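Single-letter residue listing:
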Amino acid sequence: MIHEGLPTQLPDIDPDETQDWLASFDSMVEERGRDRARYLMLRLLERARESAVGVPALRSTDYINSIPPEREPWFPGDEETERRIRAFIRWNAAVMVSSANRKGLEVGGHIATYQSSASLYEVGFNHFFQGKDAPGGGDQIYIQGHASPGIYARAFLEGRLNEEQLYRFRQEVQHGPGKGLSSYPHPRLMPDFWEFPTVSMGLTAINSIYQARFNRYLHNRGIKDTSQQNVYAFLGDGEMAEPESLGAIRVAAREELDNLTWVVNCNLQQLDGPVTGNGKIIQELEANFRGAGWNVIKVVWGREWDDLLARDVDGVLVNQMNTTPDGQFQTYSTEDGGYVRDHFFGGDPRLRKMVEHMSDTQIEKLPRGGHDYRKVYAAFDSAAKHVGQPTVILAKTIKGWTIDALEGKNATHQMKKLTPADLKKFRDRLYLPISDRDLERSYEETGAAPFFHPGEKSPEIEYMIERRRALGGSVPRRVIRSTTLTLPADKVYQELRQGSGKNKIATTMAVVRLLKDWMKDPEIGNRLVPIAPDEYRTFGMDAMFPSAKVYNPGGQRYESVDRKLLLSYKESEQGQMLHEGISEAGAMASATAAGSAYSTHGEHMIPFYIFYSMFGFQRTGDSIWAMADQLSRGFLIGATAGRTTLTGEGLQHADGHSPLLAATNPAVVHYDPAYAYEISHIMKSGLERMYGETEDGKQGEDVIFYLTVYNEPVSQPKQPDDVDVEGILQGIHQVSRAEGEGPKVQLLSSGVGMPWVEDAARMLREEWGVDADVWSVTSWNELAREAVACEDWNLLNPDEPQRTPFVTRKLDGSGGPFVAVSDYMSAVPLQIARWVPGDYCVLGADGFGFADTRPAARRYFRIDAQSVVVRALQALADAGDLEPEKVTKARESYRIDDPTAVADVAQEGGDA
């Protein structure tokens, strides 16, 4: 498994000269610091390559600790006290999960993950993790989701949680709000405790990278000094198979994020078995991270192996370590010392002789490095001092360690309960002062084992509290220290409300125009964070390059190819625009970091993430859910939206369903505006709701505004004098009212569909004598949500006056049937069907998209103006208000079933 490693078998032909070079290097590090040493080493490597000296890439090293014993730092803590603290936490974490699965409750949980990683966390808690009250503002710590019981158990010892809450693990409702504990790190569920949601595998990795990057962004832009803040992320070795786990590691290396440390708990097991039974996951990960440019620290073996490795003069032990696959190591973790002696050390007489002085029990207890406190401390200490690169600590552990019933077994992840016999063995191994009688009595009274607390005045608790006090307070902890923003006055929105006159403007351009005006505002301008995945020019935002500039921590060290143009591409260390390349996942991670800066940094930042609509909720819906869980705020702009507005691009670019996906996220407020003046009120509302002060004195709502906007230019009307702002924000307002005496119909549409229904209203009046009122539905989703909320209130308050949904009140009294159409599938307008006061029928772009012109696509899906006319006539005929023959005549005249009928209709506006 060693790829292009340092050829240590080559002889040293001049040891004195070698020593001179090493001494010179050591002196330089001591006198000039690590930054200078790193620079000179890089220059030497560069010169070596220039001189054709073959310097191999060190992609993987021997399967031993990266830090040898002689380089381990002095351990500053009380190791015995910290061992007892770990024992208390281990016990309470396991009892918490086992208790949650007592008969009649059985809500699940995970015991084994924290048991394998307890030492990794405790080194951080006692010596490295800076709390919110630390001088630099505190670190950001991403806790592995399945390890949450251990974090709760520590908080219990610190006095942050009580015993009753531990007994109510995974019971968040039945005992009342705030009386139980969430299953995993969920800030939305425990907003004063958890800071980052982490249980969606893989998102911890990418989000922590972009959080560390955003910290540098804040610092480089002069918004906040983040130089003393570090980001720690705890991950599992099985989790590293998720694409998001390794997909952005090059970003961290490229931007030299030495404020980022990953701790990968390599217990060699995923849910059902070994991560790589025939391979070596630590070696694989080392090669990946080294190749990407990370600093890699391996913590493979505990201190008891040091003596054996010192005896390994022939390299036979290291060779055995290098060639033994993970699946076999897992077997060793479940077998006794005699088995290990025979199978690991027995294949070579030199190996067998190496352990002949050890008993089988001593061999059985040879520990993995992730359980050795001093080895782990050395890794954290080295990571904290490393400059110029992000660091990953690969720590080898045993899943379920210290619990005999669980250790190293394939089914460990699914094991939720511990029997009294299991717990007695566990107690004995941890040396806890809990008697059999107390254990049995607790089972009789509660159905579970008792929690253990040594007392507030015990030396262990005093030690814990003192360590956290010295490091800036308890973690994890979420606090809000941001101050209320002064939002722009109404003047900034006037341009959008004036209309476009004779010109036609796409709603995407209207949104971007407002963003530019916001960025000029003296109060919020520098707090806006434009984000795009390699599409700024597509959305007409290239005009921002010369002024706002693209963020690059290295500045711009080249002459841009378009430098002579007015709108040339410009990068800057202080740049405001985040250009994420072709990575919607990375853009979402940036939006999440920016949108939660009010809590992580006490600074309101306003993410404005604009993207191809199809590649938003469909591609990164899980990330948007995590953004909501983290209580992030901001604007998501789904540009080039709709199933038929981007048809030249074809099926994969045709968004006909994102409103439905958005409706599944309770924090997402979706609007599908048709006109620029609607956008002005919606965006203003977004700022006020997310960044203004609410009626109860809170600084904004924890929501995300999602707007779908279009690339098709349309005539933008001037805002009416009697504009219905409430209707725009609630989800529906009337655009025009018919005054004739003929049959009546109501036409509803949203977004780019509004010109179709306006044209259909004209055709109905001029060609069929039908009067049509036109309604703009700015949000099908919000109308449906409000209606459901009304029904729920009515269910709970039968003796009170019953509430009527807004959409019902708005449409009540309108004449004739209702016909709804949008550029989305039928299910989008069907959301409000139950509350429309009359016959309701919809047209939608159901099915896959394809490449053609917009007129052809709309005729194919039967959502164009002619199709709306026929559907309206049919609705009137069904109601008995129109002769059926007219429907037949209209259908044959318009040929709504024939896309070839519009083959010669010109398309206006570019495809993207």
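Residues numbered from 1 in each chain as written. Predicted model: local features only at pLDDT ≥ 70, side-chain atom pairs only at ≥ 80, totals over all residues. Heavy atoms only, no water.

Time to look at unusual backbone geometry. That bond from V475 to P476 is cis: its omega, -5°, falls within 30 degrees of zero. Structurally, the position occupied by P476 is in the loop between α20 (459–470) and α21 (494–497). Although it is not a glycine, R170 adopts a positive phi angle of roughly 70°. Of note, R170 is situated in the loop between α6 (163–167) and α7 (203–220). Positive phi, normally seen in glycine, also occurs at Y431, with a value near 60°. By the element assignment, Y431 lies in the loop between α18 (420–430) and α19 (436–446). (Helix = DSSP H or I, 4+ residues; strand = E, 2+ residues; numbered from the N terminus.)

Overall, the coordinates contain 51 aromatic pairs when judged by the stated rule. Pairing F88 with F452 gives two aromatic rings, centres 5.0 Å apart and planes at 50°, and the pair type is tilted. In this pair, F88 sits in helix α3 (residues 79–100) while F452 sits in the loop between α19 and α20, placing the two residues 364 residues apart along the sequence. For the pair F88 and F452, a shared accessibility class is recorded, and that class is buried. Cluster of aromatic residues (ring-pair linked, three or more members): F75, Y114, Y121, F125, F128, F129, Y232, F234, Y373, Y377 and F380. Sitting over the ring of Y184, R170 keeps its end group 5.1 Å from the ring centre. The ring of Y598 has R633 lying over it, and the distance from NZ or CZ to the ring centre is 4.1 Å. (Phe/Tyr/Trp six-rings, centres within 6.5 Å; stacked < 30°, edge-to-face > 60°. Buried < 20%, exposed > 50% of the residue type's maximum accessible area, 1.4 Å probe, protein only. Lys NZ or Arg CZ within 6 Å of the ring centre and 35° of its normal.)

Quick look at the sheet that holds strand β7 (residues 528–532) now. Paired through their backbone hydrogen bonds, the strands of a sheet run either parallel or antiparallel. In spatial order, the strands read β10-β7-β11-β12-β14-β13; together these six strands make up an open sheet with parallel pairing. The open sheet has two edge strands with one neighbour each: β10 (578–579) and β13 (668–671). Inspection of the sheet shows strand β11 (residues 606–612) paired to strand β12 (residues 634–639) by five bridges, in the parallel sense. Paired with Y612 across the bridge in β12 is A639. (Pairing = 2+ DSSP bridges.)

Right, let's talk about the sheet that holds strand β20 (residues 840–843) for a bit. Pairing is mixed in the open sheet, where five strands are placed in the order β16-β18-β17-β19-β20. The open sheet terminates on both sides in strands that have one partner only, identified here as β16 (732–736) and β20. If you compare each strand with its neighbour and ignore which way they point, the axes differ by 25° on average. Note that strand β19 (residues 818–821) and β20 share four bridges and pair parallel. Each bridged residue has a counterpart across the sheet, and for V821 the counterpart in β20 is L843. (Axes fitted to C-alpha atoms, helices over the stretch in contact; angles between N-to-C directions.)

In terms of nonpolar packing, the biggest core is built from 107 residues, with W518, F635, L747 and L748 touching the most fellow members. In terms of residues, this core owes the most to one element, helix α34 (residues 865–878), which gives nine residues. Excluding its chain neighbours within four sequence positions, the residues that come into contact with L747 are V757, A760, A761, L764, A772, D773, V774, W775, V819, V868 and A872. Membership of the second largest hydrophobic core comes to 71 residues, among which are F125, I141, F156 and L161. (Core = buried A, V, L, I, M, F, W, Y, C linked by side-chain atoms within 4.5 Å. Contact = heavy atoms within 4.5 Å.)

Further remarks concern the pairing of strand β18 (residues 771–777). Burial analysis of β18 places seven of its seven residues in the buried class, which makes it a mostly covered element. Across the two faces of β18 the burial is the same, with D771, D773, W775 and V777 and A772, V774 and S776 all buried. Where β16 lies against β18, four bridges are found, and the strand directions are antiparallel. Bridged to H733 within β18 is S776. Sheet analysis places strand β17 (residues 744–749) next to β18, joined by six bridges and oriented parallel.

With that settled, the discussion passes to the packing of α3 against helix α4 (residues 112–127). Here α3 crosses α4 at 130°, and the two axes come no closer than 10 Å. If you check the angle between α3 and α4, you find them oblique. Viewed along their axes, α3 and α4 form a crossing whose handedness is right-handed. For the pair formed by α3 and α4, the contact residues are E82, I85, R86, I89, R90, A93 and A94 on the first element and Y114, Q115, A118, S119, E122, N126 and H127 on the second. Residue classes in the contact of α3 with α4 are distributed as six nonpolar, four polar and four charged. (Parallel < 35°, antiparallel > 145°, perpendicular 65-115°, else oblique. Left-handed = near helix turned anticlockwise from the far one by under 90°. Nonpolar A, V, L, I, M, F, W, Y, C, P; charged D, E, K, R; others polar.)

With that settled, consider the confidence of the model for the chain. In this model, the chain carries a mean pLDDT of 92, and residues with pLDDT of at least 70 account for 97%. Per-residue pLDDT stays below 50 along residues 1–9; that stretch engages in 21 contacts with residues further than four places along the chain or on separate chains. (pLDDT = per-residue confidence, 0-100.)

The first and last C-alpha atoms of helix α22 (residues 507–519) sit 19 Å apart over 13 residues, in line with the 18 Å expected at 1.5 Å per residue. Judged by how many residues are buried, α22 sits mostly within the fold: ten of 13 residues are covered. Inspection of α22 places T507, T508, A510, V511, V512, L514, L515, D517, W518 and M519 among the buried residues, and these make up the whole buried set. (Expected span 1.5 Å × (residues − 1).)

Where like charges cluster on the molecular surface, the negative patch consists of D12, D14, D16, E17 and D20. Position of D14 among the secondary structure elements: in the segment before α1 (15–32). (Patch = residues over 30% accessible without salt bridge, like charges linked within 9 Å, V, L, I, M, F, W, Y side chains within 5 Å. Areas by Shrake-Rupley, 256 points an atom, 1.4 Å probe, with all protein chains shown as cover. Salt bridge = Lys/Arg side-chain N within 4 Å of Asp/Glu carboxyl O. Lys, Arg positive; Asp, Glu negative; His and termini not counted. Charge placed at Lys NZ, Arg CZ, Asp CG, Glu CD.)

A few words now on the side chain of N101. Within the secondary structure, N101 is located in the loop between α3 and α4. A polar atom in the side chain of N101 sits 2.8 Å from the backbone oxygen of V97. (Polar contact = N/O pair within 3.5 Å; in protein donor to acceptor, adjacent residues only side chain to side chain.)

Once that is clear, we can look at the packing of helix α30 (residues 754–768) against α34. Taken N-terminus to C-terminus, the directions of α30 and α34 make an angle of 55°; their axes are 8 Å apart at the nearest point. With respect to each other, α30 and α34 are oriented oblique. α34 is crossed by α30, and the crossing has right-handed handedness. Judged by residue contacts, W756, V757, D759, A760, M763, L764 and W768 of α30 engage A865, Q866, V868, V869, A872 and L873 from α34. Its residues assigned to classes, the contact of α30 with α34 comprises eleven nonpolar, one polar and one charged.

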